[in-house]
Amino acid sequence: MLHGHAKIELTNGSTGEKEVIEHDNLVTNALQYLVSEDPMGMWYFRSPDYPYGNGLFDGGFPILPIIQNSIGGVLCFADPLEENVNSIYADAANVITARSSNDVNPNANPVRGSMNLSESGKIEKGYRFVFDFTTSQGNGQISSIALTSRQGGKVGYGDNYNDGRRDDFIVLPGFSFYKSGNIDGLKCLQEYEYVYELSDGYAKTVLCPAPKTIELTKLYGFPFGTIPLNATLYPTGTKRETVTLTTTVFGSAFDKVRFYGNFCDGEDGFLYGFEATSNQFSGNSSGNATINWIKINKETNSFTEGTWTLPNVYLKGVGYRWLSTTAFQCSFIVQNGYVYFMAYDKKSIYKINTLDPTDILQINSNFEMTSTSGRYSSCANYFFKIGNIIRGRNYVLQCDKIERVANSASSNSYEDFQSAYPNFQQKIYSIMTNGTSSDQIGFCPVVASAYLATIFNLDQPVQKTADKTMKITYSITEATE
């Protein structure tokens, strides 16, 4: 098992007065999840154009070696963190006051410090990280500290000082399948269903294949977390259990080529579906937005449905799925009982209470928000999640505020994800999917790099001010039971 110990030193630059706080602390399950979970055997697939190399042991894999990669940065938060080994990401309302990676801060970012390269290094049975912050860096209230990945310490949830790489995410090698392929175990992806849950041996999906019809499928044969002894690379004869729901309202948004709707897991025991009405397939730039909705209980399959009329709300649209290809798009996400829609002009986001659609907040920005498209421009997604923080390709939404962050290196790289459906969280992994305008579908596991590898809550908050420097010494060691 791992043992964490941290010390924070605040030194007044004028008087030399020093404040020291030191304590043992909690090591979370983040590293265990990172290295032990096997998202559908993805670590056994390699894509030759993956930017970090095409093999687990080629020296380029971004999570190995663990020291300096999976653990190589530090995050300081304004508020305490939940002391729970399964607490992998901080709450959205908990602001990062200071952070540092395993290198020297090369720019003017006032939040980021630098690793002290001379004092950091191997110790008996572990490693000691030392991070320095000047009087102009990391100022504000600090209530908790956590070790994180080197990428997480560099950019947190995203910032405008990044060097053009998508360091706020660790992208594992993705892979693709074709409708004509013989991988029956992944037939759900070939049929364009939204996968919303993975477990050992099965996946759960939802699909609206025809008007007023919804199919909920449990697909057996998915390896996740464990690899069965008799598992093969191309399983056949996969068992499917499908429940068909007949609706009266939802499932009306069809034309000859597309279904203008999509689904998202609310992570509250329900699946949510939203679709455009017939005259607003591409959104509305004036008047009132009208959308059909459905809320499905994931355990009982019971559902409620209806139509919202939203006065003076201008939506980009809900999204769509092509009927004859694997291309799809999504312009909403559900979180904590609210659905978030992209505005028509892509310069604001509407936050709507799923229980009371008159409860609407328009969150404005001063720039145009863009969508991820992964490797295939026929797909697009404006929202994905890091824990309970909402991200887009060039923005982060936190505490009902939109902040612009550095764009990805290119819209056609793995660093921009294969993301067109709302991602779903599988412990530390976010699973992204994407399709093409033909018959190919991609699947890509992503780890948001600002995870909590350790948790150190101070007995009381401290204030890092412009007259103080700060040094954080954080040791991680292997300990016996």
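In case you missed it, the structure is sitting above this.
Residues numbered from 1 in each chain as written. Predicted model: local features only at pLDDT ≥ 70, side-chain atom pairs only at ≥ 80, totals over all residues. Heavy atoms only, no water.

Notes on the overall build of the protein
Moving on, step 1. Within the protein, the secondary structure is distributed over three helices and 35 strands.
Moving on, step 2. Each of the 481 residues in the protein was classed as buried or not, and the buried ones make up 57%.
Moving on, step 3. Considering only intrachain contacts with a sequence separation of at least 6, the fraction spanning at least 24 residues in the protein is 66%.
Moving on, step 4. For the protein, the exposed area adds up to about 19000 Å²; of that, 49% sits on carbon and sulfur atoms. (Helix = DSSP H or I, 4+ residues; strand = E, 2+ residues; numbered from the N terminus. Buried < 20%, exposed > 50% of the residue type's maximum accessible area, 1.4 Å probe, protein only. Contact = heavy atoms within 4.5 Å. Areas by Shrake-Rupley, 256 points an atom, 1.4 Å probe, with all protein chains shown as cover.)

A look at the sheet that holds strand E29 (residues 395-398)
Moving on, step 1. The antiparallel open sheet is built from four strands, whose spatial order is E27-E28-E29-E30. Either end of the sheet is taken by a strand with one partner, and the two such strands are strand E27 (384-386) and strand E30 (401-404). With direction set aside, neighbouring strand axes in the sheet form an average angle of 30°.
Moving on, step 2. Bridging between E27 and strand E28 (residues 389-391) involves three bridges; their strand directions are antiparallel. Bridging across to E28, isoleucine 386 finds its partner in isoleucine 389. (Pairing = 2+ DSSP bridges. Axes fitted to C-alpha atoms, helices over the stretch in contact; angles between N-to-C directions.)

So, the pairing of E29
Moving on, step 1. Burial of E29 is two-sided: the residues Tyr395 and Leu397 facing one way and the residues Val396 and Gln398 facing the other way are all buried.
Moving on, step 2. The sheet contact formed by E28 and E29 spans two bridges and is antiparallel. Residue pairing for E29: isoleucine 390 is matched across the bridge by leucine 397.
Moving on, step 3. Here E28 hands over to E29 after three residues, the two strands then running antiparallel side by side.
Moving on, step 4. In the sheet, E29 pairs with E30 via four bridges, with the strands oriented antiparallel. Its bridge partner being in E30, glutamine 398 is matched across the sheet by lysine 401.

Some details on the nonpolar core
Moving on, step 1. In terms of nonpolar packing, the biggest core is built from 52 residues, with Phe77, Phe129, Ile145, Tyr157, Ile428, Tyr451 and Ile472 touching the most fellow members.
Moving on, step 2. Sequence-distant contacts of isoleucine 145, that is, excluding residues within four places in its chain, are made with Ile8, Val74, Leu75, Cys76, Leu81, Thr454, Ile455, Phe456, Leu458, Ile472 and Tyr474.
Moving on, step 3. Counting 32 residues, the second largest nonpolar core, distinct from the first, contains Ile291, Val334, Tyr340 and Met342. (Core = buried A, V, L, I, M, F, W, Y, C linked by side-chain atoms within 4.5 Å.)

What about the pattern of salt bridges?
Moving on, step 1. Under the counting rule described, the total for this entry stands at seven salt bridges.
Moving on, step 2. For glutamate 9, the salt bridge identified is with lysine 7, shortest N-O distance 4.0 Å.
Moving on, step 3. By relative accessible area, glutamate 9 is classed as buried at 12%.
Moving on, step 4. Judged by its relative accessible area of 24%, lysine 7 falls in the partly exposed class.
Moving on, step 5. Close ionic contact of glutamate 119 with lysine 471 constitutes a salt bridge, the shortest N to O distance being 3.1 Å. A residue pair is termed long-range when its members are at least 10 positions apart, and glutamate 119 in the loop between strand E5 (114-115) and strand E6 (121-123) and lysine 471 in strand E35 (residues 468-478) qualify at 352 residues.
Moving on, step 6. Assessed through its relative accessible area of 33%, glutamate 119 is described here as partly exposed.
Moving on, step 7. Looking at lysine 471, the relative accessible area reads 23%, which means it is partly exposed.
Moving on, step 8. When salt bridges with common partners are traced through the structure, they connect Lys7, Glu9 and Lys18 into a single cluster. (Salt bridge = Lys/Arg side-chain N within 4 Å of Asp/Glu carboxyl O.)

Structural notes on the side chain of arginine 258
Moving on, step 1. Along the chain, arginine 258 falls in strand E15 (residues 258-259).
Moving on, step 2. Among buried Asp, Glu, Lys and Arg side chains, arginine 258 stands out as unpaired, with aspartate 255 the closest opposite charge at 6.0 Å.
Moving on, step 3. Those residues in contact with arginine 258 that lie beyond four places of it in its chain are Ala253, Tyr320, Arg321, Trp322 and Leu323. (Lys, Arg positive; Asp, Glu negative; His and termini not counted.)

Quick notes on the environment of glutamine 460
Moving on, step 1. Relative to the assigned elements, glutamine 460 resides in strand E34 (residues 454-464).
Moving on, step 2. When the C-alpha atoms of glutamine 460 and isoleucine 21 are compared, they prove to be 9.8 Å apart, with 439 residues separating the residues in sequence.

Things to note about the packing of aromatic side chains
Moving on, step 1. Under the definition given, this model contains 13 aromatic pairs.
Moving on, step 2. Considering the side-chain rings of tyrosine 260 and phenylalanine 281, the 4.1 Å spacing of their centres and the 10° angle between planes classify their relative orientation as stacked. On the criterion of sequence distance, the pair formed by tyrosine 260 in the loop between E15 and strand E16 (261-265) and phenylalanine 281 in the loop between strand E17 (270-276) and strand E18 (289-297) is long-range, its members being 21 residues apart.
Moving on, step 3. The exposure class of tyrosine 260 is buried, given its relative accessible area of 8%.
Moving on, step 4. Look at tryptophan 293 and tryptophan 308: their rings are 6.3 Å apart centre to centre, the planes differ by 35°, and that puts the pair in the tilted class. Of this pair, tryptophan 293 sits in strand E18 while tryptophan 308 is found in strand E19 (residues 303-310), placing the two residues 15 residues apart along the sequence. The pair formed by tryptophan 293 and tryptophan 308 is uniform in burial state, with each residue classed as buried. (Phe/Tyr/Trp six-rings, centres within 6.5 Å; stacked < 30°, edge-to-face > 60°.)

Some thoughts on the sheet that holds strand E20 (residues 319-322)
Moving on, step 1. A sheet is described by the order of its strands in space; here four strands give the open sequence E15-E20-E21-E26, paired in mixed fashion. Single-partner strands in this sheet number two, and they are E15 and strand E26 (380-381).
Moving on, step 2. One ladder, built from three bridges, connects E20 with strand E21 (residues 328-330); its direction is antiparallel. Paired with glycine 319 across the bridge in E21 is cysteine 330.

Describing the environment of phenylalanine 367
Moving on, step 1. In this structure, phenylalanine 367 sits in the loop between strand E25 (360-364) and E26.
Moving on, step 2. Distance in space between the C-alpha atoms of phenylalanine 367 and lysine 346 is 8.2 Å, their sequence separation being 21 residues.

Points about unusual backbone geometry
Moving on, step 1. Unusually for a residue other than glycine, asparagine 301 sits at a positive phi of about 70°.
Moving on, step 2. As for its position among the elements, asparagine 301 is in the loop between E18 and E19.
Moving on, step 3. On the accessibility criterion, asparagine 301 (22% relative accessible area) is partly exposed.
Moving on, step 4. With a phi angle near 60°, aspartate 400 is a residue other than glycine that sits in the positive phi range.
Moving on, step 5. Counting through the fold element by element, aspartate 400 comes out in the loop between E29 and E30.

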